[in-house]
Amino acid sequence: ARTRPVAHTHTPASMAAAPAPLPMAGVYTALVTPFNADESIAWGEYEALLALQLEAGVDGVVICGTTAESPTLTSDEKKELISRAIKLCAGKCQVIAGTGSNNTAATVEFTRWAKGAGADACLVVNPYYNKPQQAGLVRHVKAVAAVGLPIMLYNIPGRSACLMETPTVLE
């Protein structure tokens, strides 16, 4: 397995509103969450999936996106999935932590946790169900950006019922 530079871009609180850009290029796998028959997480299978990604030389893994069934996971399960990925992928590939929700305050809090845990960036979905206007999307993302962790925008209107338009992304 090749070793890749991993850019942890934690910034001082005074610079938190402008996180350093995180170089993202190559292959990033959105990891599924394997479950046992009793609906508990199959931790051995999860770690094996991470190992397969590392063996394949991916540039990063996306943990707790919708591919991972994130809306059905508890907060503790999400934290454990992200923590294990950070530990197993340390120095080998980037870890993008799915921290987004339709609740801005909860997204900010979870993003702070992910930053402290060592995630390289966060995945932030448009606030689903709420259907915010473009100005609301900007406020949501800026609140998360203030944490100081680079953000990968998750613009999936088919799931969130709201489209972040190109001018809004540029803002």
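Small disclaimer: the values here were computed from a predicted structure and weren't measured.

Before going further, it helps to spend a moment on the side chain of Thr168. Within the secondary structure, Thr168 sits in helix 6 (residues 166–170). You can call Thr168 buried: its relative accessible area is 10%. Once you skip the residues sitting within four places of it in the chain, Thr168 turns out to touch Gln134, Leu137 and Val138.

Across the protein, the average pLDDT comes to 86, with 88% of residues at 70 or higher. This model gives residues 1–17 a pLDDT under 50, and the stretch forms 41 contacts once residues within four places in sequence are excluded.

A separate point is unusual backbone geometry. Trans peptide bonds make up most of the peptide bonds, and negative phi angles are found at most residues other than glycine. Notably, Cys64 is not glycine yet its phi reads approximately 70 degrees, a positive angle. Structurally, Cys64 can be placed in the loop between strand 2 (60–63) and helix 2 (75–89). Within the chain, Glu69 stands out as a residue other than glycine whose phi angle is a positive 65 degrees. Residue Glu69 is classed as partly exposed on the basis of its relative accessible area of 39%.

Moving on, we come to the sheet that holds strand 1 (residues 28–30). On the basis of which strands lie adjacent, the open sheet formed by five strands has the order 1-2-3-4-5 and parallel pairing. The sheet is open, and its two borders are formed by strand 1 and strand 5 (151–154), each paired with just one other strand. If you compare each strand with its neighbour and ignore which way they point, the axes differ by 25 degrees on average. Where strand 3 (residues 94–98) meets strand 4 (residues 121–125), three bridges bridge the pair, whose relative direction is parallel. When the bridges of strand 4 are listed, Gly98 appears paired with Leu123.

Taken as a whole, this structure holds two salt bridges when the rule is applied. A salt bridge links Glu47 to Arg84, with the shortest nitrogen-to-oxygen separation between them at 2.8 Å. You can see Glu47 sitting in helix 1 (residues 43–56) and its partner Arg84 sitting in helix 2, a full 37 residues away along the chain. Taking relative accessible area as the criterion, Glu47 reaches 31% and is therefore assigned partly exposed. Its relative accessible area of 23% is what places Arg84 among the partly exposed residues. The structure contains a network of salt bridges with shared partners spanning Glu47, Glu80 and Arg84.

Below, the discussion takes up the side chain of Thr29. By the secondary structure assignment, Thr29 is in strand 1. On the basis of relative accessibility, which here comes to 18%, the residue Thr29 falls in the buried class.

Most of strand 4 sits out of view: five of its five residues are buried. Burial along strand 4 is two-sided: the residues Ala121, Leu123 and Val125 and Cys122 and Val124 are all buried. Regarding the hand of the β-α-β motif, the stretch spanning strand 3, helix 3 (residues 104–117) and strand 4 is right-handed. Relative to strand 5, strand 4 is paired through four bridges, and the arrangement is parallel. The partner of Val125 across the bridge, within strand 5, is Tyr154. Note on the crossover from strand 4 through helix 4 (residues 134–145) to strand 5: the handedness is right-handed.

Conventions and cut-offs
Each chain carries its own residue numbering, running from 1 in the direction its sequence is written. Note on the predicted model: pLDDT of at least 70 is required for a residue's local features to be given, and 80 or more for side-chain atom pairs to be given and counted; whole-chain, interface and lining totals, by contrast, use all residues. Hydrogen atoms and water are omitted, and side-chain values are computed over all heavy atoms in the structure. Only runs of H or I of at least four residues qualify as helices and only runs of E of at least two qualify as strands under DSSP, and these elements are numbered from the N terminus. Per-residue accessibility, obtained with a 1.4 Å probe over protein chains only, is compared with the maximum for each type, and a residue is labelled buried under 20%, exposed over 50%, and partly exposed between these values. Contact criterion: two residues are considered in contact whenever any of their non-hydrogen atoms come within 4.5 Å of each other. pLDDT runs from 0 to 100 and stands for how confident the predictor is about each residue. Two strands form a pair only when DSSP identifies at least two bridges running between them. To get an axis, a line is fitted to the C-alpha atoms, and for a helix only the part in contact is used. The angle between two axes follows their N-to-C directions and goes from 0 to 180 degrees. Take a side-chain nitrogen of Lys or Arg and a carboxyl oxygen of Asp or Glu: if they are within 4 Å of each other, that pair is a salt bridge. Viewed with both strands pointing away, a crossover whose connecting path from the first strand over the helix to the second turns clockwise is right-handed.

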